[in-house]
Amino acid sequence: MKPKETAMKKKSMRAREYGGEDLDYDPSNVITCENLVKIYKTKDTEVVALQGLDLDIKFGEMMAIIGNSGSGKSTLLNMIGGLDRPSAGKLIVNGIDLLRIRHNEITAYKKNTVGFVWQNNARNLIPYLSARQNVELPMIIAGRKNYRKRAADLLRIVGLDERMNNRLRELSGGEQQRVAIAIAMANEPSILLADEPTGAVDTATATQIFRALRRLNKETGVTVIIVTHDRGVAKNVDRVVAISDGRTSSEFIRKKSYTEELEELDRMSGVEESDTHEELVVIDRHGRLKLPEEFMEATGFDRNSKIKMEMDGGKIIIYRQEKDE
């Protein structure tokens, strides 16, 4: 059975376990967000972190969610990871409705469905254990019998098979982050959530980390979601979703498959990042769209602009309404 098919079979089993068989969503999606809202309330104020976000993520994708500080990307990550609850809308993860899941089921959900990799790898690692012991620990706690072999397999996939018995102080920062990735995969999650996984390393080390994530994605079928503010991450993933003001604003889709690009890199010195992806504006389920900032600046539009729209064959033309009209 292929990795993606295995992941979807596990999804069906977990959906039955959490009573999610009757949900209305596309079963090819590992994550479905529809009109998702998150409001943080204090005694005196309310902050709307997500306001009607729509997003579908397929099984086996390796994708990134980007946005500036305050855009809502970390809020979305925390809700997918079961660290926070949605206020309204729909959030279905691996066949589980996170608006309906009971409080006593959250711990099992976090242990079995998602794995976390943080920018600060101290949140993942125990310093006095070896790399292998760190990866084995969550499996020992979960009562798995094959923890020694699986730990070795995961460290091999992330390129640390010759370093698995080293203490953490003997590993570089990038190697420690790859150990953290292996730990996140220990209990076979369906989704690997990486929060700024390369934010504290140099470019060469970041490349090694992305290669480790890509290899895990390919060999195990795990869905990899990277949350970052860095648009440069686009060259390492197949799809990038941009979030702005708590909504999906645009997507960057890879024009060629990752394999095709690697073959092209073998034939030439490199491929410009701008040539690998194309940007698509997203129209949400309510017909709303957000124009890219550079389009707004080039046309002189602002948030209070009144614009006209016309159909021209199969095209939609948007232009400024003249003052004398």
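Student: Tell me about the nonpolar core, and name the residues and values.
Tutor: Counting residues in each nonpolar core, the largest one holds 43 residues, and the members touching the most others are Val-135, Val-179, Leu-192, Leu-213 and Ile-226. For this core, the secondary structure elements donating two or more residues are strand 3 (62–66), helix 4 (131–142), helix 5 (147–157), helix 6 (173–184), strand 7 (191–195), helix 7 (203–220), strand 8 (223–228) and strand 9 (239–244). For Leu-213, the contacting residues outside a window of four places in its chain are Met-62, Ile-181, Leu-192, Val-224 and Ile-226. By size, the runner-up hydrophobic cluster in this structure holds 31 residues, among which are Ile-65, Leu-77, Met-79 and Leu-98.

Student: Residues and numbers for helix 4, please.
Tutor: Every buried residue of helix 4 is accounted for by Ala-131, Asn-134, Val-135, Glu-136 and Met-139. In this structure, the buried side of helix 4 is in contact with helix 5 and helix 6. At the exit of helix 4 stands Gly-143, carrying a positive phi of roughly 80°.

Student: Go over helix 7, please, and point to the residues and values.
Tutor: Here helix 7 contains 18 residues, and its C-alpha end-to-end distance of 26 Å stays within 8% of the 26 Å for a straight helix at 1.5 Å per residue. The set of residues buried in helix 7 consists of Thr-205, Ala-206, Ile-209, Phe-210, Ala-212, Leu-213, Arg-214, Leu-216 and Asn-217. Near the N-terminus of helix 7, the side chain that reaches the backbone nitrogen of Ala-204, with its oxygen 3.4 Å away, is that of Asp-202. Note on helix 7: the residue one or two positions beyond its end, Gly-221, has a positive phi of about 80°.

Student: How would you summarise the pairing of strand 2 (residues 46–58) if you had to cite specific residues and measurements?
Tutor: Relative to strand 2, strand 1 (residues 29–41) runs antiparallel, the two sharing ten bridges. Looking at strand 2, one finds that Cys-33 is bridged to Leu-55. Joining the antiparallel neighbours strand 1 and strand 2 is a turn of four residues.

Student: How would you sum up the environment of Asp-56? Please name residues and give values.
Tutor: You can see Asp-56 is positioned in strand 2. C-alpha of Asp-56 to C-alpha of Leu-91: the two residues are 35 residues apart in sequence and 9.9 Å apart in space.

Student: Give me the packing of helix 6 against helix 7: which residues, what numbers.
Tutor: Orientation of helix 6 relative to helix 7, taken along the N-to-C sense of each, is 20°, at an axis distance of 9 Å. If you check the angle between helix 6 and helix 7, you find them roughly parallel. Helix 7 is crossed by helix 6, and the crossing has right-handed handedness. From helix 6, Gly-174, Gln-177, Arg-178 and Ile-181 reach across to helix 7, where they touch Thr-205, Gln-208, Ile-209, Ala-212, Leu-213 and Leu-216. Considering only residue class, the contact of helix 6 with helix 7 consists of five nonpolar, four polar and one charged.

Rules used throughout
Residues numbered from 1 in each chain as written. Predicted model: local features only at pLDDT ≥ 70, side-chain atom pairs only at ≥ 80, totals over all residues. Heavy atoms only, no water. Core = buried A, V, L, I, M, F, W, Y, C linked by side-chain atoms within 4.5 Å. Buried < 20%, exposed > 50% of the residue type's maximum accessible area, 1.4 Å probe, protein only. Helix = DSSP H or I, 4+ residues; strand = E, 2+ residues; numbered from the N terminus. Contact = heavy atoms within 4.5 Å. Expected span 1.5 Å × (residues − 1). Polar contact = N/O pair within 3.5 Å; in protein donor to acceptor, adjacent residues only side chain to side chain. Pairing = 2+ DSSP bridges. Axes fitted to C-alpha atoms, helices over the stretch in contact; angles between N-to-C directions. Parallel < 35°, antiparallel > 145°, perpendicular 65-115°, else oblique. Left-handed = near helix turned anticlockwise from the far one by under 90°. Nonpolar A, V, L, I, M, F, W, Y, C, P; charged D, E, K, R; others polar.

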